[in-house]
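Each chain, letter by letter, is given below.
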Amino acid sequence: MGKILVLLAGSTLWAQEPLSLRDAVQAALRGNHAIRAASESIQAATARVEQARGGRLPKLNYSESFARSDNPVFVFGSLLTQHQFGESNFAIGPLNRPDSLNNFQSQLVVDQPLYDAGQTRRAVKSADMGRQVTAEEARRVEMETIAGVARAYYGAVLAAESLDSAALAVRSAEADLRRAGAVRNAGMSTDADVLSIRVHLAGVNEQRIRRAADLDVARAALNDALGLPLDAPHSLTTPLTAAAIPDPGLDGLERDATGQRPEARQMRLATSLARTQAESARAGLLPEVGFRAVFEADREQFIRRGGANWLAAVTLR
C-alpha cells in the first residue's frame, strides 16, 4: 500500500510540473497542425517556383511507336525512312497495291524556347509572389497561435487568482459568522444579524464555486490551445505583469500595423500578383520563337538495324 501511495504521489508531481508562458508557446508551435500545414504549403510553393524556372530549360521527349499498314503512302514513306527502297518498288503493281509493312519508330525530340515574350520570367515572378503570400499566411497562423496561447495562459492565471480571492472571501465570511454568533450568544445582537451573515456566506460560497468552474474552463482552453488533453494539469509559473512597452504614438502604431501585419502584406502581394498575371496575359498575344531538333530511327523489325534521319528547325508561333 505504501508503494502505491508513493507512485501516486510521484505521478501527481510529474503531472503538475511547472509550465511557463515561453514553454507553452513553444509546445503549441511544435504541435500545431495548422502551422505544420502552412510549412508544407511553403515547401509546395517553393517547388512551384522551381517548376516555373524550368520553362527556360530544354525539353527532351523520347517515344517508341509501332505501325503496320498496306496503305500505299505509308508503305512508300516507311520504305524510304527504313532505307529499304529499291528499284523494284517503282513497279506500278506493288506501288499501287503493296504488301502490308511493319514500321518500328524511335524518336528523340528536343525543344528549346528562344523567345517567349517574357512569359517564363513572369511565371517565375508570379510563383515567387505566391510563395511570399503563403509565407505570410504561415506567419499569420503562427502569430494567432502565439496570441491564443498567451490569452489562454493568462486567462488560466487570472482564473486561479480569482479562485484564491473567492476562497479568501469565504474564509472571511466564515470568520464573520463565528464572530456574529459569539456576539449573539453574549446577548449583544439578534438572530437576524447572524442570518444576514449566513446569507452573505452562501453568496460568497456560490462565487467560489463559480470561480472554480471558471478555472476548469480556463485550464481546458489552455490545454486545447496546446493540443493536449483538456484535463491535463499544469502549474503555471509566469505571473501576469504589466509589460514595459514604450508608447510609439497612434501614428506609429498604425504605420506598424499596415506595414507588418500579414493580412496587409498579403493584400499588397496579391495586388502585385494580379498585375503580373495581367502582364503575362497581354504577353500571350506576342510571338514566340523556339528551336526543335528531332532524331528518328525507323526499322521493319524492332531489333533490326534500319534507317535514321534528323531534323533541326526554328519555329515562330
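Residues numbered from 1 in each chain as written. Predicted model: local features only at pLDDT ≥ 70, side-chain atom pairs only at ≥ 80, totals over all residues. Heavy atoms only, no water.

1. Considerations on the sheet that holds strand β2 (residues 59-69)
Here is the rule: Should DSSP find at least two bridges between two strands, the strands are regarded as paired. In this text, helices come from DSSP runs of H or I with a minimum length of four residues, and strands from runs of E with a minimum of two, each type numbered from the N-terminal end. For helices, the fitted line uses only the C-alpha atoms of the stretch in contact; every axis is such a line through C-alpha atoms, and the angle between N-to-C directions lies from 0 to 180 degrees. Contacts are assigned to residue pairs with any non-hydrogen atoms lying within 4.5 Å of each other.
Pairing is antiparallel across the open sheet formed by four strands, whose spatial order is β2-β3-β5-β6. Since the sheet does not close on itself, it has two edges, and those belong to β2 and β6 (307-316), each with one partner. Adjacent strand axes in the sheet meet at a mean angle of 20°, parallel and antiparallel pairs treated alike. As judged from the eleven bridges shared by β2 and strand β3 (residues 101-115), these two strands associate in the antiparallel manner. Bridge pairing in β3 links Tyr62 to Leu108. Relative to the sheet, helix α4 (residues 72-81) contacts β2, β3, β5 (289-299) and β6, its axis offset from that of β3 by approximately 75°.

2. A word on a positive patch on the surface
Put simply, the test is: Patches in this entry comprise residues that are over 30% relatively accessible and not in a salt bridge; like charges within 9 Å are linked, as are nonpolar side chains (Val, Leu, Ile, Met, Phe, Trp, Tyr) within 5 Å. Only the protein chains shown count as cover for residues, and the accessible areas themselves come from Shrake-Rupley with a 1.4 Å probe. When a carboxyl oxygen of Asp or Glu lies within 4 Å of a side-chain nitrogen of Lys or Arg, that pair is called a salt bridge. Positive: Lys, Arg. Negative: Asp, Glu. His and the chain ends are not part of the count. Every charge is mapped to an atom, namely NZ of Lys, CZ of Arg, CG of Asp or CD of Glu.
Together, Arg56, Arg121, Lys125 and Arg275 line one region of the surface with positive charge. Its place among the elements puts Arg56 in the loop between α3 (33-53) and β2.

3. Structural notes on the pairing of β3
Note that β3 and β5 share eleven bridges and pair antiparallel. Along β5, the bridge assignment pairs Leu108 with Phe295.

4. Some remarks on the nonpolar core
Here is the rule we go by: Note on terminology: a nonpolar core comprises buried Ala, Val, Leu, Ile, Met, Phe, Trp, Tyr and Cys residues joined through side-chain atoms within 4.5 Å. Categorising residues by exposure relies on relative accessible area from a 1.4 Å probe, with only protein chains included: less than 20% of the type maximum marks a residue as buried, more than 50% marks it as exposed, and the intermediate range marks it as partly exposed.
By size, the foremost hydrophobic cluster in this structure holds twelve residues: Leu19, Leu21, Ala24, Val25, Ala28, Val149, Ala152, Tyr153, Tyr154, Val157, Leu222 and Leu226. Elements that contribute at least two residues to this core include exactly α2 (21-31), α6 (119-185) and α7 (191-226). Among the elements that take part in this core, α6 stands out by supplying five residues, more than any other. Look past the residues within four positions of Leu19 in its chain and what remains in contact with it is Ala24, Tyr153, Leu226, His234, Ser235, Leu236 and Thr237. Counting residues in each nonpolar core, the second largest holds eight residues, with Val170, Ile197, Leu201 and Val204 among its members.

5. Considering the packing of aromatic side chains
This is how the line gets drawn: The criterion for an aromatic pair is that two Phe, Tyr or Trp rings (for Trp, the six-membered ring) have centres within 6.5 Å, with stacked assigned to planes under 30 degrees apart, edge-to-face to planes over 60 apart and tilted to the rest.
The final tally for this structure, using the stated rule, is five aromatic pairs. Ring geometry for Phe66 and Phe104: centres 4.7 Å apart, planes at 40°, overall tilted. Here Phe66 is found in strand β2, whereas its partner Phe104 is found in strand β3, with 38 residues between them in sequence. Note on Phe104 and Phe302: the rings are 5.8 Å apart at their centroids and 70° apart in plane angle, and the pair reads as edge-to-face. In this pair, Phe104 is assigned in strand β3 and Phe302 in the loop between β5 and β6, connecting sequence segments 198 residues apart. Looking at Phe302, the relative accessible area reads 48%, which means it is partly exposed. Among the aromatic side chains, those forming a connected cluster through ring pairs are Phe66, Phe104 and Phe302.

6. So, α2
We apply this condition: The arc in question is formed by the directions pointing from the helix axis toward the C-beta atoms.
Among the residues of α2, Leu21, Ala24, Val25 and Ala28 are the ones counted as buried. Mapping the buried residues of α2 onto a view down its axis gives an arc of 100°, with all of them on the same face. Structural note: α2 exposes Arg22 and Arg30 on the side pointing more than 90 degrees away from its buried face. Those residues of α2 hidden inside the fold are in contact with β1 (18-19), α6 and α7.

7. So, unusual backbone geometry
Even without being a glycine, His83 presents a positive backbone phi close to 60°. Turning to its location among the elements, His83 is positioned in the loop between α4 and α5 (92-96). Since its relative accessible area comes to 57%, His83 is described here as exposed. Phi at Ala117 is positive, roughly 60°, even though this residue is not glycine. Take Ala117: it is sitting in the loop between β3 and α6.

8. A word on the packing of α3 against α6
To keep things clear, this is the line we draw: These descriptions rest on fixed angle ranges, namely under 35 degrees for roughly parallel, over 145 for roughly antiparallel, 65 to 115 for roughly perpendicular, and the rest for oblique. For this classification, the nonpolar set comprises Ala, Val, Leu, Ile, Met, Phe, Trp, Tyr, Cys and Pro, the charged set comprises Asp, Glu, Lys and Arg, and every other residue, Gly included, is treated as polar.
Orientation of α3 relative to α6, taken along the N-to-C sense of each, is 170°, at an axis distance of 8 Å. By the angle class used here, α3 and α6 are roughly antiparallel. Contact with α3, carried on its side by Ala34, Ile35, Ala38, Ser41, Ile42, Ala45, Thr46, Arg48, Val49, Ala52 and Arg53, involves Thr120, Ala123, Val124, Ala127, Asp128, Arg131, Thr134, Ala135, Ala138, Val141, Glu142 and Thr145 of α6 and no other residues of that element. In terms of residue class, the contact of α3 with α6 is built from 13 nonpolar, five polar and five charged.

9. Considerations on helix α9 (residues 262-283)
Stated formally: Under the convention used throughout, the expected extent of a helix is 1.5 Å for every residue step, that is, one less than its residue count.
Compared with an ideal rise of 1.5 Å per residue, which puts 22 residues at 32 Å, α9 spans 31 Å between its outermost C-alpha atoms and is within 8% of the ideal. Buried within α9 we find Pro262, Gln266, Leu269, Leu273, Thr276 and Ala283. All buried residues of α9 lie within an arc of 95° about the axis, which places them on one face of the element. Relative to its buried face, α9 has exposed residues pointing more than 90 degrees away, namely Met267, Ala281 and Arg282. Where α9 is buried, its residues touch α6 and α8 (249-260).

10. Points about the layout of surface pockets
The cut-off we apply is this: Computed over the protein atoms alone on a 1 Å grid, cavities are sets of points where a 1.4 Å probe fits but cannot get out and pockets are open sets with protein on both sides within 12 Å along at least five of seven lines; a residue lines them when it has an atom within 4 Å of a point. Grid points are joined across faces, edges and corners, and a volume is the space filled by probe spheres set on the points.
Space inside the second largest pocket adds up to approximately 230 Å³. Around the second largest pocket, the lining comprises 13 residues; the ones closest to its centre are Pro113, Glu288, Val289, Gly290 and Thr315. Elements supplying a minimum of two residues to the lining of the second largest pocket: β3 and β5.

All quantities given are derived from atomic positions and should not be read as evidence of function.
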